[in-house]
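Reading the structure
For reference, the chains in residue letters:
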Amino acid sequence: GAHTSGAKPIVAVVRGRQEFGPRALGRRSLLAVPDSVDARNRLNRLKRRQWYRPVAPMVAEEAMADAFGRSVPSPYMTMAPDVSPPIARAFPALAHLDGTARHQSVARRDDAW
């Protein structure tokens, strides 16, 4: 149905053929603004996951220093750096309970939409 609840939308992205592993990143995604605990809870309900699971953010290459205090390239989600306190406050859905985020770094040179 139409988006009428007042909550920010969650958008599903499905592109290309079915793939598994690192090549599938960004091709089978749920996109949402991680600016509330409600966003995390809604995503976890959709994915049938535990309440405490964080969202795995996509972080633009040029925003990594703001997000983590340093550049942490992780195009295949292999790193989990500490999230800077201002970002954790602004986007509470993206950090794990220990204050880290297992992110996917993205760059302009990556697969274009």
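Since the model is a prediction, treat every value here as computed from it, not as a measurement.

The next thing to look at is the environment of Ala39. Structurally, Ala39 can be placed in helix H1 (residues 37-47). Ala39 gets classed as buried once you look at its relative accessible area, which sits at 7%. Measuring from C-alpha to C-alpha, the distance between Ala39 and Ala7 comes to 8.3 Å, with 32 residues separating the pair along the chain. Setting aside residues no more than four positions away along its own chain, Ala39 makes contact with Val33 and Pro34.

This part is about the pattern of salt bridges. Pairing is possible between side chains of opposite charge, provided their charged atoms come close. Applying the stated criterion across every chain, the model contains 2 salt bridges. The partner of Asp35 in a salt bridge is Lys8, and the shortest N-O contact between them spans 2.3 Å. Taken together, the residues span a long stretch of sequence, with Asp35 in the loop between strand S2 (28-31) and H1 and Lys8 in the segment before strand S1 (11-14) at a distance of 27 residues. The partly exposed category is assigned to Asp35, whose relative accessible area is 27%. Here Glu61 and Arg109 are joined by a salt bridge, their closest N and O atoms 2.9 Å apart.

So, how was this worked out
Residues numbered from 1 in each chain as written. Predicted model: local features only at pLDDT ≥ 70, side-chain atom pairs only at ≥ 80, totals over all residues. Heavy atoms only, no water. Helix = DSSP H or I, 4+ residues; strand = E, 2+ residues; numbered from the N terminus. Buried < 20%, exposed > 50% of the residue type's maximum accessible area, 1.4 Å probe, protein only. Contact = heavy atoms within 4.5 Å. Salt bridge = Lys/Arg side-chain N within 4 Å of Asp/Glu carboxyl O.

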